[in-house]
Amino acid sequence: MTTSDLTALTELVDDAGAPLMAERKPTPGIQEFCAAATELLGADGVIRDLTAREKASRDWAHMSPILAAKLPAGHAEVVLHPTSHEQIPGIVSLAHRHRIPLTPRGKGTGNYGQAIPLYDGAVLDLTGCARVLDVGDGWIHAEAGARMSDLEAHARTLGQELWMFPSTFGTTVGGFLSGGNGGTGSLVHKTNGDGFVQELTVVPCTVGAEPFTVRESDALPYIHAYGTTGVIATATVRLQRARTWTGLFTAFADWASATAALSALVRLEPAPRLVSLDEAGLVQVYQPDPALDPTALSLRAIIEEEAVDEARAIVESYGGRVLEVRPSPHGPALISSLSFNHPTYHLMKAKDGWFHLEIRGDVLLGDTTEIRKVFPDTLLHLEGMRSGTVGMLMARYEDEQTVYDGITALEALGVGVHSPHNWHVDRRLDLVREAARAADPLGLLNPGKIPAASRETS
Ligand SMILES: Cc1cc2nc3c(=O)[nH]c(=O)nc-3n(C[C@H](O)[C@H](O)[C@H](O)COP(=O)(O)OP(=O)(O)OC[C@H]3O[C@@H](n4cnc5c(N)ncnc54)[C@H](O)[C@@H]3O)c2cc1C
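What you are looking at is a predicted structure, and each value in this text was computed from that prediction instead of being measured. (Residues numbered from 1 in each chain as written. Predicted model: local features only at pLDDT ≥ 70, side-chain atom pairs only at ≥ 80, totals over all residues. Heavy atoms only, no water.)

J.: What is the right way to read the overall build of the protein from this model?
T.: For the protein, the count of helices and strands is 16 helices and 18 strands. On C-alpha atoms alone, the protein measures out to a radius of gyration of 22 Å, which is about the 23 Å that the 2.2 N^0.38 rule sets for 458 residues. Its C-alpha atoms give the protein principal-axis dimensions of roughly 70 × 50 × 40 Å. Scored against the burial criterion, the 458 residues of the protein give a buried share of 61%. A total accessible area of about 17,400 Å² is found for the protein, and carbon and sulfur atoms account for 52% of it. Computed over 38 positive and 56 negative side-chain charges, the inter-centroid distance for the protein is 2 Å. (Helix = DSSP H or I, 4+ residues; strand = E, 2+ residues; numbered from the N terminus. Rg over C-alpha atoms; globule rule 2.2 N^0.38 Å. Buried < 20%, exposed > 50% of the residue type's maximum accessible area, 1.4 Å probe, protein only. Areas by Shrake-Rupley, 256 points an atom, 1.4 Å probe, with all protein chains shown as cover. Lys, Arg positive; Asp, Glu negative; His and termini not counted. Charge placed at Lys NZ, Arg CZ, Asp CG, Glu CD.)

Here you go:
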């Protein structure tokens, strides 16, 4: 893997980048809580150093100019570092006893302030709970802080691979399940709430914090719930037979041809792992690479080696040019690292004054003239899915109200929009509320993230 591939895959998990927090009034009981936590975790597991607390108090919410204006939004008074999942119940039980808000955290790369401790208290950093515990035919069982990249590497040694992983490949399985949605592999397997999870062990914030196990669809209230329905201590997720993937990089002159080719590649058999499309304005902000033409639309696919000839024929039949077929690990790694929200990241790194929306709908494959009129200087990134096209819309930021008005206008054009500009749980809310009532009766787990019933978002 090249240095640039590695940088693209890992820099997010190391990047801090947000303003200093102001000290606020301590949460009552925090000193006693810290003393008791030290008995459980030892002094090294209970961090009160300001730099560590600042780092644990932010995520990637600053990618939204609307959320960035509200930062810093919460303040970790202590960061707890358990080193095995067996230590989690003791800590959660202590938080319950001392009434301390407790926000679980993986690598802190959530886009929406998901991991920001809005009500201060303790941040439970789970990155030290990173063991792969067991693996079998079609599944891998790991502690919540294990990295997706480590799960994939481990599975590969046994001839298997993950169903899916996010473009932030080095993030934790607990964070991906609690805050993420999908990624490489979602073309076939949809979101992380569509069968990826076989089993979770969850620690509730109750008197005894007795862990419980949920399987299959019973795990849904704990997926994308931002930790409000319990701390995931371990997860078992699905694997498939490892394929020999390769990276196909192509260039197109116009949107209609590129989207027609994208649709055809999505239907290719054997199925690709990922198919992404960027327009030239996005390619121009990526690190220069012979496989990326900054003057053209870039259609990229992770495909099985045996499908290369057919994929090449598809591309050429729609007037595209194959720039390169780059084998594993570099080709697929580069394509993954430019997928989902990474184009937004690269754009914002290169230029000031942009915002983004998560969009969906096959209307995006057609004539986008009207869609592009909604916001100034719109740029589109698409991901091909068998369940329907998704993507990112990036445009120049004017003000908050213009964004909301634009969302209404896009929806009127048939574009589905998910706004990354609020930190509320916004999927399966009824299930999440019900599970949170049982698992967190005092509302101590990542408080402020479940919206009041009157304030639901789409
Ligand atoms: C540039 C960029 C690209 C991204 N691309 C993708 C993508 O392709 N697909 C995608 O789905 N997401 C993507 N994300 C969002 C995010 O990176 C992923 O969802 C990531 O997997 C989150 O993992 P994490 O370890 O950083 O979790 P964190 O950000 O630390 O946590 C996420 C949420 O989960 C909670 N949480 C963490 N661990 C636990 C646990 N063990 N139990 C209960 N709750 C817990 C936290 O409180 C928080 O609410 C992207 C973000 C950025 C900035």
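J.: Teacher, can you tell me more about the sheet that holds strand 13 (residues 297–304) here?
T.: Strand pairing in a sheet is mediated by backbone hydrogen bonds. Such pairs are either parallel or antiparallel. Here 8 strands make up an open sheet; going across it, the order is 14-11-13-12-16-17-15-18 and the pairing antiparallel. If you trace the sheet from one side to the other, it starts and ends with strand 14 (321–327) and strand 18 (416–418), each paired once. Across the sheet, the axes of successive neighbouring strands diverge by a mean angle of 20 degrees, strand direction being ignored. Relative to strand 13, strand 12 (residues 274–278) runs antiparallel, the two being bridged by 5 bridges. Pairing of Val275 across the sheet is with Ala301, part of strand 13. (Pairing = 2+ DSSP bridges. Axes fitted to C-alpha atoms, helices over the stretch in contact; angles between N-to-C directions.)

J.: Hey, could you run me through the packing of aromatic side chains in this one?
T.: Aromatic ring pairs are defined here through the distance separating the ring centres and the angle between the ring planes. Applying the stated criterion across every chain, the model contains 6 aromatic pairs. Residues Phe165 and Phe169 carry aromatic rings whose centres are separated by 4.2 Å and whose planes lie at 40 degrees to one another, so their mutual orientation is tilted. For Phe165, a relative accessible area of 6% corresponds to the buried category. Centre to centre, the rings of Phe355 and Phe375 are 5.0 Å apart; their planes meet at 80 degrees, and the pair counts as edge-to-face. Of the two residues, Phe355 is situated in strand 15 (residues 354–360) and Phe375 in the loop between helix 14 (369–374) and strand 16 (379–383); the sequence distance between them amounts to 20 residues. The residues Phe355 and Phe375 share a single accessibility class, namely buried. Of note, Arg326 hangs over the ring of Phe249, and the distance from its end group to the ring centre comes to 5.4 Å. Taking NZ or CZ as reference, Arg372 lies 5.0 Å from the ring centre of Trp255, over its face. (Phe/Tyr/Trp six-rings, centres within 6.5 Å; stacked < 30°, edge-to-face > 60°. Lys NZ or Arg CZ within 6 Å of the ring centre and 35° of its normal.)

J.: Explain the domain arrangement of the protein here, please?
T.: It is common to give the size of an interface as the accessible area that goes away when the parts come together. Split into domains, the protein comes out as domain 1 (3–125), domain 2 (132–242) and domain 3 (245–418). When domain 2 packs against domain 3, close to 1,200 Å² is buried across both sides, 56% of that on carbon and sulfur atoms. On the domain 2 side of the interface with domain 3, the three residues burying the most area are Ser167, Thr184 and Leu187, jointly 53% of the side's total. Applying the counting rule to domain 2 against domain 3 returns 2 salt bridges. The shortest N-O distance in the salt bridge between Arg273 and Glu161 comes to 3.9 Å. At the surface where domain 2 touches domain 3, the tally comes to 7 residue pairs in polar contact (both at pLDDT 80 or more). (Domains from an automatic or database assignment. Buried area = accessible area lost by both parts, 1.4 Å probe. Salt bridge = Lys/Arg side-chain N within 4 Å of Asp/Glu carboxyl O. Polar contact = N/O pair within 3.5 Å; in protein donor to acceptor, adjacent residues only side chain to side chain.)

J.: Please clarify how the state of the cysteines should be interpreted in this entry.
T.: Defined simply, a disulfide is a covalent bond joining two cysteines at their sulfur atoms. Inspection of the entire model under this criterion finds 0 disulfides. Unpaired in terms of disulfides, Cys34 finds its nearest cysteine sulfur in Cys205, a separation of 15 Å. Of the residues examined, Cys34 reaches a relative accessible area of 5% and is grouped as buried. In this structure Cys129 is not part of a disulfide, and its nearest cysteine sulfur, from Cys205, lies 16 Å away. Assessed through its relative accessible area of 0%, Cys129 is described here as buried. (Disulfide = S-S within 2.5 Å.)

J.: How should the packing of helix 9 (residues 255–266) against helix 11 (residues 308–317) be read in this particular structure?
T.: Helix packing geometry: the angle between the two helix axes and the distance between the axes. Helix 11 packs onto helix 9 with a crossing angle of 155 degrees between their chain directions and a minimal axis gap of 9 Å. One way to sum up the angle between helix 9 and helix 11 is to call them roughly antiparallel. Where helix 9 crosses over helix 11, the handedness of that crossing is right-handed. Seen from helix 9, the contacting residues are Ala261, Ala264 and Leu265; seen from helix 11, they are Ala311, Ile314 and Val315. When the residues that make up the contact of helix 9 with helix 11 are grouped by side-chain class, the tally is 6 nonpolar, no polar and no charged. (Parallel < 35°, antiparallel > 145°, perpendicular 65-115°, else oblique. Left-handed = near helix turned anticlockwise from the far one by under 90°. Contact = heavy atoms within 4.5 Å. Nonpolar A, V, L, I, M, F, W, Y, C, P; charged D, E, K, R; others polar.)

J.: I keep staring at the pairing of strand 8 (residues 197–203) and nothing clicks. Help me out?
T.: The two faces of a sheet get side chains in turn, since along a regular strand they alternate between them. Buried residues dominate strand 8, accounting for 6 of its 7 residues. Relative to strand 10 (residues 231–241), strand 8 is paired through 6 bridges, and the arrangement is antiparallel. In the strand pairing of strand 10, Leu200 is matched with Ala235. Here 4 bridges tie strand 8 to strand 9 (residues 212–215), and the two strands are oriented antiparallel to one another. What sits directly across from Val202, in strand 9, is Phe212.

J.: Which parts of the structure should I look at to understand the sheet that holds strand 4 (residues 122–125)?
T.: Ordered by their spatial adjacency, 4 strands build an open sheet running 1-2-4-3, and the pairing between neighbours is mixed. Edge positions in the sheet fall to strand 1 (46–47) and strand 3 (102–105), since each has one partner strand and no second. Across 4 bridges, the pairing between strand 3 and strand 4 is parallel. Paired with Leu102 across the two strands is Ala122, which belongs to strand 4.

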